[in-house]
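If you want the building blocks of each chain, they are given just below.
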Amino acid sequence: QVQQMQAPAQFSGGSWKQKKTIFVRKFKSNVREFLYFFSLWGKTLQKIGNFGGGVQSYFIFLRFLVVLNFVSFLLIAGFVLIPSIVFRSVDILKYDPNPQGLVVFYEFFLDLLSGTGFMEYSYMFYGYYNNTVVVTSLVGSDFSYNIPLAYLLTAVFYFAFCLICIIAMGKAARVAVTTGGSDVRSYSMIVFTGWDYGCLGSKATKLKQRNIYYRLQVDLEEERLKKHAASLTLCNKVTLYSLRVLMFFVAIGLIIATFVAIAYATTFSQENNNVQGFLGLFYTYLPSIVITTGNFLVPLLCDQIALLEKYPPSATVVVALLAVVLRLVSLGILLYTLWNQIVCHGSTDTCPCHYNHSNYQCWETSVGQEMYKLTLFDLLVSIALLVLVEFPRMVVDHWSCNLTQWVGRQEFVVPSNVLGLVYGQTVVWTGALFCPLLPLINTVKFVILFYCKKITLFYNCRPALRTFRSTTSAFFFLAVLLFGWILALVVMIYSVAIHPSFACGPFRSFLRMWKIVPDSLAILPKGTRDFLFFIGSQAFSVPVFMCYFIALASIYGKSVAMLRAQLKLAGQDKQFLVKQIE
């Protein structure tokens, strides 16, 4: 018989520490519950979990982008927008494309859609901001605010802040990926630890049951496909891999054709930018139309190609994302074609301003207008698809005709929807330097998109025939988002390195945007300047990095020691139980 184990006596000396630990644990739990009460769309995301972890990860990712854009707008508003409004002054060099006199309503509407007219001469775009340094006296001391320096440093900190947020989300996703799997341990984790005993009520209980059922369905489907792949003969394997290679070249051909169409549409649009009326609006939106059409058709075709290639569900997400990640390059093709017309390729005699000033008086505003139109057009297309395509498909699905049932309700395809979010966020990162209010517009756009996609999911979509694992998909969502961030960073570095416009913007008197940094350092006191140079030198950075790695190694060493101690204690417990049984 197993003897009953006696619990060790608790001394009164440790009661204070125990009470402190319990108090801290309860306080953290209460704070977590309080923050969850105010969390954005918390209950809605819980309901969306009924459709599976992959679909839920999309909406969590969308909520992350909403918060990211709103906080980014607060950063830009606090350091650039509000100081520019407060310290607004009269400029000697004026750039005023705003037409004078009465404006017909449809012209007002066209200006709102195209970003011209009254929109161009506003705080929406780069060209309206001053190049002044404000010096005032506050409480007996001089206060100065350099708007060009604040404009550039805010853009740099904006990119750094977004990178920190992506890395912070990526760490959580990386833990989820490393702990996930399709082996026996995954089934054991789901069966024995998957239930939430805090579920109250029949609704929450059924929701959790369906979520566990969905996770088991994903694992079983992957195991079935692996067994099917292992049972293939040599001839079947050769046929399958030949089909995958062929489909790969088909996908590459589609992407290249899209790039050529974007370059041609951009060139045609810029050559006909003087056309007025609705025809001129169509010409200005032609690159946006081609890009959006390609972004809609290419992922759809690649998704069908991924079905033919017969990959497992988790690999299908990765293949679909990697196959259409080149869709982000379409934005680079647009910018390359646009800058190819802005930048001069001749000598300084034929191009004294170092850019095509005759056609682009303020080239930064022109780039910002393209990003503004891409963001606005993407939102309009999403709303139009919901009203004109998805709702009619839901109505048609109730008819008894075989053709209408085949057309009927759509699936909520996670990879293509996530790539649409990444594309929209990349457009905002690319245009934030030229259109500072673009993060605010994108916040409103993503909020509207959240409710549109929620309606689509709840009322217009049928259950997915293919399943996706949320642990793997969340990691690759952030990886593709990081790729978009790198693409936007390259655009910002190139924009800072070339010559800014002479007629507009905060850098109109500089040969390069980055020249504001050394010029601002030169007027600082010698002690402050020497301190900043010391921080940027190797004498400061090398010891800091050494201390960081030493501290990191110490933390990892302590973690390894704690794990070894836990393994030792676990072994002793097993030996003790075996002895008691014997």
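Here the structure is a predicted model, which is why all the values come from computation and not from measurement.

A. Representation of the overall build of the chain. Helix and strand counts for the chain come out as 20 helices and two strands. Counting across all 582 residues of the chain, residues that qualify as buried make up 40%. Contacts in the chain between residues at least 24 apart in sequence constitute 78% of all its contacts with a sequence separation of at least 6. About 33,600 Å² of surface is accessible on the chain, with carbon and sulfur atoms providing 69% of the total.

B. Representation of the packing of aromatic side chains. One pass over the structure, following the stated rule, counts 19 aromatic pairs. A ring pair is formed by Trp363 and Phe434, whose centres lie 6.1 Å apart and whose planes are at 55°; its orientation type is tilted. Here Phe434 lies in the loop between α15 (414-431) and α16 (438-460) and Trp363 lies in helix α13 (residues 363-396), a separation of 71 residues in the sequence. The two residues Trp363 and Phe434 agree in class, both being buried. A connected cluster of aromatic rings, assembled from ring pairs, spans Tyr121, Tyr123, Tyr126, Tyr128, Tyr129, Tyr151 and Phe507.

C. Region of interest: the pattern of salt bridges. Throughout the structure, instances matching the rule amount to two salt bridges. Between Glu370 and Lys373 there is a salt bridge; the shortest N-O distance is 3.3 Å. Of this pair, Glu370 and Lys373 both sit in helix α13, three residues apart, which is roughly one turn of the helix. Of the residues examined, Glu370 reaches a relative accessible area of 4% and is grouped as buried.

D. Expanded view of the UniProt feature "transmembrane region" (unreviewed entry) in the chain. According to UniProt, the "transmembrane region" (unreviewed entry) feature falls on residues 60-87, 149-169, 245-266, 278-302, 314-339, 427-452, 473-497 and 531-556. Secondary structure content for residues 149-169 is 100% helix and 0% strand, and the end C-alpha separation is 30 Å. Secondary structure content for residues 427-452 is 77% helix and 0% strand, while the C-alpha to C-alpha distance between its ends is 20 Å.

E. Here's a closer look at the state of the cysteines. Enumeration according to the criterion identifies one disulfide in this entry. The disulfide partner of Cys362 is Cys504, and the S-S distance across this bridge is 1.9 Å. Handedness of the Cys362-Cys504 disulfide follows from its S-S torsion of about 90°: it is right-handed. With Cys362 in the loop between α12 (329-342) and α13 and Cys504 in the loop between α17 (470-497) and α18 (516-522), this residue pair connects regions lying 142 residues apart in the sequence.

F. Region of the structure containing a nonpolar patch on the surface. A contiguous nonpolar surface patch, about 470 Å² in accessible area, is contributed by Ile383, Val387, Leu388, Val389, Val444 and Ile448. Every element with two or more residues in the nonpolar patch is listed here: α13 and α16. The element contributing the most residues to the nonpolar patch is α13, with four residues. Topologically, Val389 is positioned in helix α13.

G. Just the environment of Tyr128, in detail. Take Tyr128: it is sitting in the loop between α4 (105-114) and β1 (133-138). Judged by relative accessible area, which is 15%, Tyr128 ranks as buried. For the pair Tyr128 and Pro506, spaced 378 residues apart in the sequence, the C-alpha separation amounts to 8.4 Å. The residues contacting Tyr128, other than those within four sequence positions of it, are Arg88, Tyr121, Ser122 and Tyr123.

H. Geometry of the environment of Leu163. Locating Leu163 in the fold gives a position in helix α5 (residues 147-179). Discounting chain neighbours no more than four positions away, the residues touching Leu163 are Leu482 and Trp485.

I. Looking closely at the nonpolar core. In this structure, Phe59, Phe61, Trp339, Trp363, Trp429 and Leu481 are the most contacted members of the largest nonpolar core, which totals 96 residues. The element contributing the most residues to this core is helix α3 (residues 53-86), with 14 residues. Not counting chain neighbours up to four residues away, the residues in contact with Leu481 comprise Phe61, Phe64, Leu65, Ile166, Val422, Gln425 and Trp429. Core analysis: the next-biggest nonpolar cluster, separate from the first, contains seven residues, Met247, Ala251, Val298 and Cys302 among them.

J. The arrangement of the packing of helix α8 (residues 234-271) against α12 in detail. At a closest axis distance of 9 Å, the pairing of α8 and α12 adopts a crossing angle of 35°. Viewed along their axes, α8 and α12 form a crossing whose handedness is right-handed. In this structure, α8 uses Phe259, Ile262, Ala263, Thr266, Thr267 and Gln270 to contact α12, whose residues at the interface are Val329, Ser330, Ile333, Leu334, Thr337, Leu338 and Gln341.

K. Here's a closer look at α8. An ideal rise of 1.5 Å per residue puts 56 Å on 38 residues; α8 measures up with 56 Å between its terminal C-alpha atoms. Buried within α8 are the following residues: Leu240, Arg244, Met247, Ala251, Ile255, Thr258, Phe259, Ile262, Ala265, Thr266, Ser269 and Gln270.

L. Up close: the confidence of the model for the chain. When the pLDDT values of the chain are averaged, the result is 75; 73% of them are 70 or greater. This stretch, residues 1-13, has a pLDDT under 50; its non-local contacts, to residues over four places away or in other chains, come to seven contacts. Below a pLDDT of 50 lies the segment residues 174-182, which in the model reaches 14 contacts outside its immediate sequence neighbourhood of four places, other chains included.

M. Structural context of helix α9 (residues 277-284). All of the buried residues in α9 are Gly280, Leu281, Tyr283 and Thr284. Projected down its long axis, α9 shows its buried positions confined to an angular sector of 160°, all on one face.

N. Highlighting the packing of α15 against α16. Two elements in contact, α15 and α16, have axes whose closest approach is 10 Å; the angle formed by their N-to-C orientations is 165°. One way to sum up the angle between α15 and α16 is to call them roughly antiparallel. Pair α15 / α16 crosses with right-handed handedness. Here α15 contributes Asn417, Leu421, Gly424, Gln425, Val427, Val428 and Gly431 to the contact with α16, which in turn contributes Leu438, Pro439, Asn442, Lys445, Phe446, Leu449 and Lys453. For the contact of α15 with α16, a count of residues per class yields seven nonpolar, five polar and two charged.

O. Structural context of the side chain of Arg508. Residue position: Arg508 is located in the loop between α17 and α18. Judged by relative accessible area, Arg508 falls into the buried class, the value being 6%. Within the local environment of Arg508, its side chain forms a polar contact with the backbone oxygen of Gly505, the two atoms lying 2.7 Å apart.

P. Spotlight on the environment of Ile76. Turning to its location among the elements, Ile76 is positioned in helix α3. Each C-alpha atom, one on Ile76 and one on Thr154, is 6.4 Å from the other, the two residues being 78 residues apart in sequence. Ignoring anything within four residues of it in the chain, the contact list for Ile76 reads Leu81, Thr154, Pro436 and Pro439.

How each quantity is defined
Residues numbered from 1 in each chain as written. Predicted model: local features only at pLDDT ≥ 70, side-chain atom pairs only at ≥ 80, totals over all residues. Heavy atoms only, no water. Helix = DSSP H or I, 4+ residues; strand = E, 2+ residues; numbered from the N terminus. Buried < 20%, exposed > 50% of the residue type's maximum accessible area, 1.4 Å probe, protein only. Contact = heavy atoms within 4.5 Å. Areas by Shrake-Rupley, 256 points an atom, 1.4 Å probe, with all protein chains shown as cover. Phe/Tyr/Trp six-rings, centres within 6.5 Å; stacked < 30°, edge-to-face > 60°. Salt bridge = Lys/Arg side-chain N within 4 Å of Asp/Glu carboxyl O. UniProt positions renumbered as here; feature names shortened; annotations may be inferred. Disulfide = S-S within 2.5 Å. Patch = residues over 30% accessible without salt bridge, like charges linked within 9 Å, V, L, I, M, F, W, Y side chains within 5 Å. Core = buried A, V, L, I, M, F, W, Y, C linked by side-chain atoms within 4.5 Å. Axes fitted to C-alpha atoms, helices over the stretch in contact; angles between N-to-C directions. Left-handed = near helix turned anticlockwise from the far one by under 90°. Expected span 1.5 Å × (residues − 1). pLDDT = per-residue confidence, 0-100. Arc of directions from axis to C-beta. Parallel < 35°, antiparallel > 145°, perpendicular 65-115°, else oblique. Nonpolar A, V, L, I, M, F, W, Y, C, P; charged D, E, K, R; others polar. Polar contact = N/O pair within 3.5 Å; in protein donor to acceptor, adjacent residues only side chain to side chain.

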